[in-house]
Amino acid sequence: MRDLSLHILDMVQNSITAQATKIKINIAIDSQRDYLLLNISDNGAGMDSDILIKAQDPFFTSRKTRKVGLGIPLLKEAARKCNGNFNIISEKNGGTKIYAAFSINNIDRLPIGEIGETLIAAISSNPQISFILDLNSEKGFFRLDTDEVAKTLGDVSITEFDILIWLKEYIDEGIKNIFGGVLNEVDS
Amino acid sequence: MKSIAELDEIRKKTLDQLSIRSNEKGIKVVVAMATCGIAAGARPVMKAFIEEINKRNLNNVTVSITGCIGVCKMEPVVEILDKDGKKVTYVNMTPEKAERVVLEHIVNGNVCTDLTIGAQEGV
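Residues numbered from 1 in each chain as written. Chains lettered and ligands numbered in written order. Predicted model: local features only at pLDDT ≥ 70, side-chain atom pairs only at ≥ 80, totals over all residues. Heavy atoms only, no water.

The name given to chain B in an unreviewed UniProt entry is Ferredoxin, with the source organism recorded as Ruminiclostridium papyrosolvens C7.

Chain A goes by Histidine kinase in an unreviewed UniProt entry, where it is assigned to Ruminiclostridium papyrosolvens C7.

Peer 1: Outline the environment of Thr62 of chain B, supporting the account with residue identities and numerical values.
Peer 2: Residues and elements named next belong to chain B. With respect to the element layout, Thr62 can be found in strand E2 (residues 61-66). Each C-alpha atom of the pair Thr62 and Thr94 lies 19 Å from the other, and the pair is 32 residues apart in sequence. Apart from the residues within four sequence positions on either side, Thr62 is in contact with Ile27, Lys28 and Val29. (Helix = DSSP H or I, 4+ residues; strand = E, 2+ residues; numbered from the N terminus. Contact = heavy atoms within 4.5 Å.)

Peer 1: I'd love a proper account of the sheet that holds E2 of chain B, names of residues and values included.
Peer 2: Each strand in a sheet pairs with another by means of backbone hydrogen bonds, the pair being arranged parallel or else antiparallel. Residue and element names in this part refer to chain B. One open sheet accounts for four strands, arranged E2-E1-E3-E4; its pairing is mixed. The two strands at the open ends of the sheet, each matched to only one other strand, are E2 and strand E4 (87-90). Going across the sheet, the axis of each strand differs from the next one's by a mean of 20°, ignoring polarity. Sheet topology note: the strand E1 (residues 27-32)/E2 ladder contains six bridges and is parallel. Residue Lys28 lies in a different strand from E2, and its bridge partner there is Thr62. On the sheet, helix H3 (residues 42-55) packs against E1, E2 and strand E3 (78-81) and is oriented at approximately 170° with respect to E2. (Pairing = 2+ DSSP bridges. Axes fitted to C-alpha atoms, helices over the stretch in contact; angles between N-to-C directions.)

Peer 1: I'd like a description of the packing of helix H1 (residues 4-17) of chain A against helix H4 (residues 115-125) of chain A, backed by residues and values.
Peer 2: Residue and element names in this part refer to chain A. It is at 8 Å that the axes of H1 and H4 come closest, and there the two elements cross at 20°. Here H1 is positioned roughly parallel relative to H4, judged by the angle of their axes. Handedness of the crossing formed by H1 with H4: right-handed. Residue-level contacts link Ser5, Leu6, Ile8, Leu9 and Val12 of H1 to Ile115, Thr118, Ala121 and Ala122 of H4. Broken down by class, the residue content of the contact of H1 with H4 amounts to seven nonpolar, two polar and no charged. (Parallel < 35°, antiparallel > 145°, perpendicular 65-115°, else oblique. Left-handed = near helix turned anticlockwise from the far one by under 90°. Nonpolar A, V, L, I, M, F, W, Y, C, P; charged D, E, K, R; others polar.)

Written out as structure tokens, the structure reads:
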């Protein structure tokens with residue numbers, strides 16, 4: 001994966017496969033302490049402790065179309081190669097939480113990427129799911145809640161092209177305000 | 001600063017256009033979006049489809065996603081299901097090829113044979 005936004009899209013697909021109806025993505029940075037924390041949580045089917053351990057094994061997948069499952073192992077590797085950390089907490093029928101921490105200034109840390117693109121790809125194909133995107137830094141706080149958007153829209157679907165474009169611009173602006181000037185990089 | 005209030009404007013504009021739209025059975029574009037697809041560039045391909053379909057005002061075409069269908073080495077994979085449920089599978093897609101598929105296949109009804117899984121196998 002080239003950037004964090006693609007990892008996020010991959011993890012969101014896992015949540016969707018687990019029949020989640022609420023998916024929350026939280027990205028927080030602390031430039032003083034030099035860390036970026038990514039936290040994705042859902043209310044999907046969850047995993048029991050046995051599957052949970054296997055999920056981090058690249059040679060395990062619940063899929064029948066192929067023999068490998070690289071989504072979680074790749075994110076774990078992306079975090080660990082830049083002095084970061086990875087954790088996954090899940091309970092059968094209790095949803096799943098994924099934490100990945102990255103050292104911002106480490107040379108191997110992936111750029112943030114196009115978070116807006118990731119969100120509209122996920123939203124447009126699954127408009128029935130509630131997505132929440134939270135961004136945090138010392139500069140402030142940003143939140144996009146698709147339930148709130150849907151309420152404003154009334155009868156108009158969130159998948160309308162003009163709405164998707166607006167959502168992308170709204171998110172891009174949030175990223176810029178919270179994380180700094182350069183869109184595709186964490187400003188530190 | 002953008003605010004949620006702006007959405008209301010867009011909503012009103014969209015509502016006017018909605019009444020013109022028909023509900024006839026349409027064409028489905030399905031983009032494979034699992035780890036393999038995402039890593040190979042499925043997200044820009046999906047974006048190209050959405051943009052191109054909107055540009056040409058194709059109201060009866062929907063874009064959705066699916067998981068891995070098992071040909072990871074040929075990702076990004078896109079399936080097009082027409083009104084009768086007939087399926088064409090395109091492989092090794094790019095945003096440029098997506099534009100071509102929208103124009104030739106979806107608009108004009110001519111399958112881009114050279115981009116299909118049958119033609120691309122062994123390439």
